[in-house]
Amino acid sequence: MTISLVGVQGDLAGRSFPITARPLTLGRGSSNDIVLADPAASRMHAELRPGKKGCVLKDLGSGNGTYVNGERVTERTLRPGDQVSIGDEVFRFETSDSPTVLVQAPVQADGAAAPPVLRVTVAGGGPVGMSFALLLDHLLGSRVAITIHDGRWAEDGGRFVWQNPEMGNNRRQQVVTVQSRQFLKLPPEVQARLFQPGTYSEMWPAGPDSIQGQGPRNIRIAYIEDELLAILDEKTDHIRLVPENFDATAAHEELAGAHVLAICEGGRSTTREHFADRFGAADMTLYGLEGRQVQDMVLGLRVKSRLPDPMSVLLTVSQNRFLLNSLRGEGFLNMRLTDQEAVEAVGINPVRQVFTPCIQSTPCLLERRPSGEFHCAGHNAFFLPALLKGSALWERVQEGLRMFDVPGADLSAVTGFRLDMVQRPRFTAELLPRTATTPGTYGFLLGDAANAIHFWPGRGLNSGLASAVSLARCLAANWRGVPFRDSAFTRHEAVMAMLQYRHKTRAFRQMVTTDDAGHAVAIKDLVARGIAEGEQGGMDGGMDGERDLELLMQRMRQNRTRLEPRLPGMPDDDTLRAHLAQLSPATLHTLVVSEPWDSGNVGGEEVDVDWLLPEQDAAVVPAPREGEQVARPRGWKPAVV
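Residues numbered from 1 in each chain as written. Predicted model: local features only at pLDDT ≥ 70, side-chain atom pairs only at ≥ 80, totals over all residues. Heavy atoms only, no water.

Per an unreviewed UniProt entry, the protein carries the name FHA domain-containing protein and comes from Blastococcus jejuensis.

Set out below in structure tokens:
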């Protein structure tokens, strides 16, 4: 016996919408299972979730409300015969023997049954890999079988969790900014789980990437990972989770039986390197100066700032030395280093008495001990600048803390990362040809494996989510049960090329600028020049701190005028001047010389996946007949392994 919603009034009167183990969503957005044309309906209006005690109807924060038997409800367990009303649309909750189920899947043009199962392997279970799997499951439902590999997971009491530092996995506590152009394309259940009250903030004003009146949201990356893994853990009947890193050689049989390999392992992807000859050589010169690739080293300081968000934003966008991204003050203060400072930003192993670049190459997180040192447990290394009395780099770190009103005790960890970019010739490749017994396997670079962009917290994630949306929609639109051809991915490849150009060009504008003569220069070199001039001025007494303070104030007034309409609560001149006066003349000079953000060149139109791969509507397809087995990949196990 099945259960369903049956339309009894409105445009959907007479239609039956069976309910399976998956949540059923209702709303005006075309990604919903039941799409409502009524203007009273919100884009994501309500959700009907089956459970052990019955089907629970939940209002998803709609403006006009959800009603059961004429009573407005926020959550209600339905009984047979209950009437659900949204605007003028009315449905009756029924039990029936209907043999159909509602899944998000394409149907053939002639109305024939949906094609066989699409077999997908995902290498890398980070936010991009997990989001891709959930998007594809949302679009194809029972018509897709997904296997995800990630060695950072562990099994705990029959469910999967992320390994902790004692197990060798340092969780990412950075706060990232996710744009509405990306998060509104995630499945409704994912949006509902990620953006619970208190889990995010809206620190930054709406901009070119903001759509449907919703601005960017700051959210901790570890929280995103936890919630996405928890959702996947509820779907292990048709999404297989493997707590091991993907090994292209050892997993050859699995790969040969798959139609798709999504490579989502990040910028250091071993799977991408295994298939490097298929994707072509990356070009470094496009993102370089005078034939040399530009690389930035960034010191990540885990802090708790006491400044309100509007003031933090104004301080951040008015210079190019420090960038604070936080969730109610807690986050990372990113400090752009000069080449000389990058050399000094190392750890030291006191036992072996050797320097270790772990903070730069892995990178590791060096946690603050009660005694004050910053320690990397994995390499038994301490952050050297914090140990050296008179370290110029460490004094500049202290100036950054003062600039963002961070007490010394509220600097709890130090990490680092490098920013460098390459131009990739392609993102789609045939990895294994079709044979008499295998379907032919196509590989796809997604996320940082395709575009590694990091200095702006969240830029890489936004690009990665867009790539995941693009591939999921492309696969759902083209899957017809027969082996793929290159032409099936033309639109996805075009989206990836646009994302590469737009996101990397914008990121590169945060690494370079032009001097008065129109010559390109690296921003880190401007910072170095400011430091050198500041030190020289300090020695001979020629530093004009008042002039630099006034120049910085003038710049902040201009930025404040631009931002005030979108970000209320900006500080006045007296507050700004008193705050900046705490900084040394050398720091003020460096901030002035570093120049403000190049918001003019990095603004403008953003890439939208909808241009080439619009969102697809739900489709009703026949359920498998009783006793019929759905095809799964070789080695498939429905439970967690």
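Visitor: Which parts of the structure should I look at to understand the packing of helix H8 (residues 309–317) against helix H17 (residues 573–580)?
Guide: The description of two packed helices rests on the angle between their axes and on the distance between the axes. Put simply, H8 and H17 touch, their axes get as near as 12 Å, and they point 65 degrees apart. As H8 packs across H17, the resulting crossing turns out to be right-handed. Across the interface between the two elements, Met-311, Leu-314 and Leu-315 from H8 touch Thr-575, Leu-576, His-579 and Leu-580 from H17. Partitioning the contact of H8 with H17 into residue classes produces five nonpolar, two polar and no charged. (Axes fitted to C-alpha atoms, helices over the stretch in contact; angles between N-to-C directions. Helix = DSSP H or I, 4+ residues; strand = E, 2+ residues; numbered from the N terminus. Left-handed = near helix turned anticlockwise from the far one by under 90°. Contact = heavy atoms within 4.5 Å. Nonpolar A, V, L, I, M, F, W, Y, C, P; charged D, E, K, R; others polar.)

Visitor: Is there a simple way to think about unusual backbone geometry in this case?
Guide: Negative phi values dominate among residues other than glycine, just as trans dominates among peptide bonds. Backbone geometry places Asp-405, a non-glycine residue, at a positive phi of 50 degrees. Take Asp-405: it is sitting in the loop between helix H12 (392–403) and strand S32 (411–419). Given a relative accessible area of 23%, Asp-405 falls into the partly exposed group. (Buried < 20%, exposed > 50% of the residue type's maximum accessible area, 1.4 Å probe, protein only.)

Visitor: Looking at this structure, I do not really get the pattern of salt bridges. What am I missing?
Guide: Counted according to the given criterion, the structure contains 35 salt bridges. Two residues, Asp-209 and Arg-181, come together in a salt bridge whose shortest N-O distance is 2.9 Å. Taken together, the positions of Asp-209 in the loop between strand S18 (200–201) and strand S19 (217–220) and Arg-181 in helix H2 (residues 180–183) put the pair 28 residues apart, joining distant regions of the chain. The exposure class assigned to Asp-209 is buried, which follows from its relative accessible area of 5%. Judged by its relative accessible area of 10%, Arg-181 is buried. (Salt bridge = Lys/Arg side-chain N within 4 Å of Asp/Glu carboxyl O.)

Visitor: Would you take a moment to explain the sheet that holds strand S25 (residues 322–327) for this structure?
Guide: Each strand in a sheet pairs with another by means of backbone hydrogen bonds, the pair being arranged parallel or else antiparallel. The antiparallel open sheet is built from nine strands, whose spatial order is S25-S26-S24-S32-S29-S30-S31-S27-S28. Sheet topology places S25 and strand S28 (354–356) at the edges, where each strand pairs with a single neighbour. When the angles between neighbouring strand axes are averaged without regard to direction, this sheet yields 30 degrees. Here eight bridges tie strand S24 (residues 296–304) to strand S26 (residues 330–337), and the two strands are oriented antiparallel to one another. In the strand pairing of S26, Leu-299 is matched with Met-335. Here H12 sits on the sheet in contact with S24, S25, S26, strand S30 (374–376), strand S31 (381–383) and S32, set at roughly 135 degrees to S26. (Pairing = 2+ DSSP bridges.)

Visitor: Sorry, what's going on with the sheet that holds S19 here?
Guide: In spatial order, the strands read S17-S19-S18; together these three strands make up an open sheet with antiparallel pairing. Lying at the two open borders of the sheet, with one neighbouring strand each, are strand S17 (175–178) and S18. Here S18 pairs with S19 via two bridges, running antiparallel. Across the sheet, residue Tyr-200 finds its bridge partner in S19, namely Ile-219. Across the sheet, helix H4 (residues 221–233) touches S17 and S19, and the angle it forms with S19 is around 75 degrees.

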